[in-house]
Amino acid sequence: MTSATFRSLAGYNYRLWAAGALVSNVGTWMQRTAQDWLVLTELTDNNAVAVGIVMALQFGPPVLLLPVTGWVADRFDRRHVLMATQSAMGVLGLLLGLLTVTGVVQLWHVYVFAFLLGCTAAFDAPARQVFVSSLVERHNLSNAVGLNSASFNIARMIGPAVAGLLIAVIGTGWVFLINAASFAAVLASLALLRKHELYSTERASGGKAGLIEGFRYIRHRPDIMVILVIIFIIGTFGLNFPIFTSTMATTVFHKGAGEFGVLSSIMAIGSVAGALLAARRERPRISLLFAGGAVFGVGCTFAAVAPGYWLFAASLTIIGISAQTLTTSANSVVQLSTDPTVRGRVMAIYMAIFMGGTPIGAPIVGWVADTFGARWGLAVGAGSGFAAAIVGVLYLVKFHNMRVRFANRRLRLQFGDVEQAQEELATQEISIQRTSGS
């Protein structure tokens, strides 16, 4: 089990990258926790809408810059792109930390830095997602994506808890400064990679046609289309965890910064479990997206009605496992089944939809939480999970002739032209044919 789950770590380049990324991700989650707490309790009076605006400004630029970011990821050296974006994010963390430590930070400062960070992340995300294919062989790509998600969520488990303690002891500004320093780890890992061991991928040609080629490619891929629809629904209304946990912690259970940080860490336990399970699978299954959406809806429902802090915290593990199963499977299926020459642009579209729904959903969910209560904000998240599952079922009925029947007093699913279990193999064969024919 160990070798199957962690097989990508056998390679020097991936192992070095994973170590640097883990340190940087811990710092990033520390900053996210401190930023939400700064806005919610120090710069406003528990205003969830303000937190939603910060999230909107931070996650909106991937949509605005979409025509450029994917093309950059396909056209230029991704290692150089990542060194530039990671350096810029480190500088932004440093400046926000200095403003906060000196006591001059205002809400509009946080808004500006959130937007600038979002612009930088818009270029970083597609390049980082596709860069993994340069670090491992193709048959290990799904495993590497799963391990990346596990690393991200291990950091999510550590970072918020550490941030909660540091906020209480030394203040939010120093958390921002520590995050700025953490970027040195990932920059060092990028500089020390063995360039001769990187796996080469086909680069896109220049020209304006490249900007829309990703959309043309997706238009003829109903499997990718349904994934993007599901990711939009969940990303817009379901993955607003800073709003869910902060409002429940402060307005429902009346807890402080330490307990708020613990909630994010507990959710990350489930996320790590989901990511490791995804890393163990030989091939990602699109059916896991639909099941993950349904379980996500159930988890949010339990969280919304939880009578106490610890029952609420326990329900977050269900949300974490289901959300990670859904998002990791979606990422892996899209990367593995996409032509390498347009993979950067397709992943940019994917990331733009994944993060770009937040500017729409976060203020809405924040308004619901402020107006009707934090529990109703979670109810919106539950609805997004059930809606995603319904979309998945409709896709299976239309493209795989799924039918429900009873046999031996048990409910069974029957597929017509194509077995659901063979879908990923078919999409991979399409990708191989396109690559060999180019």
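According to the UniProt record, the Subcellular location (unreviewed entry) comment for the protein reads "Cell membrane".

Caption draft 1: Up close: the overall build of the protein. Of regular secondary structure, the protein possesses 19 helices and two strands. Put simply, the protein has 438 residues, and 56% of those count as buried. A separation of at least 24 residues holds for 85% of the contacts in the protein among residues at least 6 apart in sequence. Only carbon and sulfur atoms are counted for the fraction: they give 67% of the accessible area of the protein, which is about 17800 Å².

Caption draft 2: Region of the structure containing the nonpolar core. In terms of nonpolar packing, the biggest core is built from 111 residues, with Trp-17, Ile-227, Phe-312 and Tyr-350 touching the most fellow members. Counting residues per element, this core draws most heavily on helix α2 (residues 12-42), which supplies 13 residues. The residue makeup of this core includes at least three contributed by each of domain 1 (8-195) and domain 2 (212-437). If we skip the residues at most four places from it in the chain, Phe-312 touches Phe-244, Met-248, Phe-253, Leu-263, Ala-303, Ala-306 and Leu-378.

Caption draft 3: Structural detail: helix α6 (residues 78-101). Given a rise of 1.5 Å per residue, 24 residues ought to cover 34 Å, and the 34 Å separating the end C-alpha atoms of α6 matches this to within 8%. One or two positions beyond α6, positive phi appears at Gly-103, with a value near 80°.

Caption draft 4: Region of interest: the environment of Leu-82. For Leu-82, the location among the structural elements is in helix α6. Residues Leu-82 and Ala-121, spaced 39 residues apart in sequence, show a C-alpha to C-alpha distance of 9.8 Å. The contact partners of Leu-82, leaving out residues within four places of it in the chain, are Trp-17, Asp-124, Ala-127, Arg-128, Phe-131 and Leu-190.

Caption draft 5: Quick peek at the side chain of Ser-151. On the secondary structure map, Ser-151 appears in helix α8 (residues 141-169). With relative accessibility at 12%, the residue Ser-151 sits in the buried group. Discounting residues that sit within four places of it in the chain, Ser-151 has contacts with Ala-18, Leu-22 and Asn-25.

Caption draft 6: Quick peek at a nonpolar patch on the surface. On the surface, Leu-64, Trp-108, Val-112, Phe-115 and Leu-116 cluster together to form a nonpolar patch covering roughly 490 Å² of accessible area. In terms of residue count, the dominant contributor to the nonpolar patch is helix α7 (residues 107-131) (four residues).

Caption draft 7: Just the side chain of Gln-129, in detail. Structurally, Gln-129 is set in helix α7. Judged by its relative accessible area of 14%, Gln-129 is buried. Among the polar contacts made by the side chain of Gln-129, one reaches the side chain of Asn-331 at a distance of 2.5 Å. Contact partners of Gln-129, with chain neighbours within four places excluded, come to Asn-331, Gln-335, Met-347 and Met-351.

Caption draft 8: Main features of the pattern of salt bridges. One pass over the structure, following the stated rule, counts three salt bridges. Residue Arg-221 is joined to Asp-223 by a salt bridge in which the shortest nitrogen-to-oxygen separation is 2.8 Å. The exposure classification of Arg-221 matches that of Asp-223, with both residues buried.

Caption draft 9: Inspection of the packing of helix α11 (residues 222-237) against helix α15 (residues 309-337) at higher detail. At a minimum axis separation of 11 Å, α11 and α15 run at an interaxial angle of 150°. Regarding the angle of α11 to α15, the classification is roughly antiparallel. Remark: the crossing between α11 and α15 carries left-handed chirality. Where α11 approaches α15, its residues Asp-223, Ile-224, Ile-227, Ile-230, Ile-231 and Ile-234 are matched on the opposing element by Leu-326, Ala-330, Val-333, Val-334 and Ser-337. Grouping the amino acids of the contact of α11 with α15 by side-chain chemistry returns nine nonpolar, one polar and one charged.

Caption draft 10: Structural detail: the environment of Gly-11. Positionally, Gly-11 belongs in the loop between α1 (2-5) and α2. In the structure, Gly-11 is positioned 186 residues away from Glu-197 in sequence and 9.3 Å away in space, judged by C-alpha atoms.

Caption draft 11: Region of the structure containing the packing of aromatic side chains. In the structure shown here, the tally under the stated rule is nine aromatic pairs. A network of ring pairs unites the aromatic residues Phe-253, Tyr-309, Trp-310 and Phe-312 as a single cluster. Geometry around Tyr-309 places Lys-255 over its ring, the cationic atom sitting 5.2 Å from the centre.

Caption draft 12: The arrangement of the packing of helix α3 (residues 48-59) against α7 in detail. At a minimum axis separation of 7 Å, α3 and α7 run at an interaxial angle of 30°. Between α3 and α7, the angle is such that the two are roughly parallel. On the side of α3, the interface is formed by Ala-50, Ile-53, Val-54, Leu-57 and Gln-58, while α7 contributes Val-110, Tyr-111, Ala-114, Phe-115, Leu-117 and Gly-118. Here the contact of α3 with α7 is composed, by residue class, of nine nonpolar, two polar and no charged.

Caption draft 13: Layout of the confidence of the model for the protein. Averaged over all residues, the pLDDT of the protein is 82; the fraction at 70 or higher stands at 87%. Predicted confidence in the protein is weakest over helix α19 (residues 423-437), with a mean pLDDT of 43, and strongest over α6, with 94. Residue range residues 417-438 is modelled with pLDDT below 50. Its contacts to residues more than four positions away, or to other chains, number 36 contacts.

Parameters and conventions
- Residues numbered from 1 in each chain as written.
- Predicted model: local features only at pLDDT ≥ 70, side-chain atom pairs only at ≥ 80, totals over all residues.
- Heavy atoms only, no water.
- UniProt positions renumbered as here; feature names shortened; annotations may be inferred.
- Helix = DSSP H or I, 4+ residues; strand = E, 2+ residues; numbered from the N terminus.
- Buried < 20%, exposed > 50% of the residue type's maximum accessible area, 1.4 Å probe, protein only.
- Contact = heavy atoms within 4.5 Å.
- Areas by Shrake-Rupley, 256 points an atom, 1.4 Å probe, with all protein chains shown as cover.
- Core = buried A, V, L, I, M, F, W, Y, C linked by side-chain atoms within 4.5 Å.
- Domains from an automatic or database assignment.
- Expected span 1.5 Å × (residues − 1).
- Patch = residues over 30% accessible without salt bridge, like charges linked within 9 Å, V, L, I, M, F, W, Y side chains within 5 Å.
- Salt bridge = Lys/Arg side-chain N within 4 Å of Asp/Glu carboxyl O.
- Polar contact = N/O pair within 3.5 Å; in protein donor to acceptor, adjacent residues only side chain to side chain.
- Axes fitted to C-alpha atoms, helices over the stretch in contact; angles between N-to-C directions.
- Parallel < 35°, antiparallel > 145°, perpendicular 65-115°, else oblique.
- Left-handed = near helix turned anticlockwise from the far one by under 90°.
- Nonpolar A, V, L, I, M, F, W, Y, C, P; charged D, E, K, R; others polar.
- Phe/Tyr/Trp six-rings, centres within 6.5 Å; stacked < 30°, edge-to-face > 60°.
- Lys NZ or Arg CZ within 6 Å of the ring centre and 35° of its normal.
- pLDDT = per-residue confidence, 0-100.

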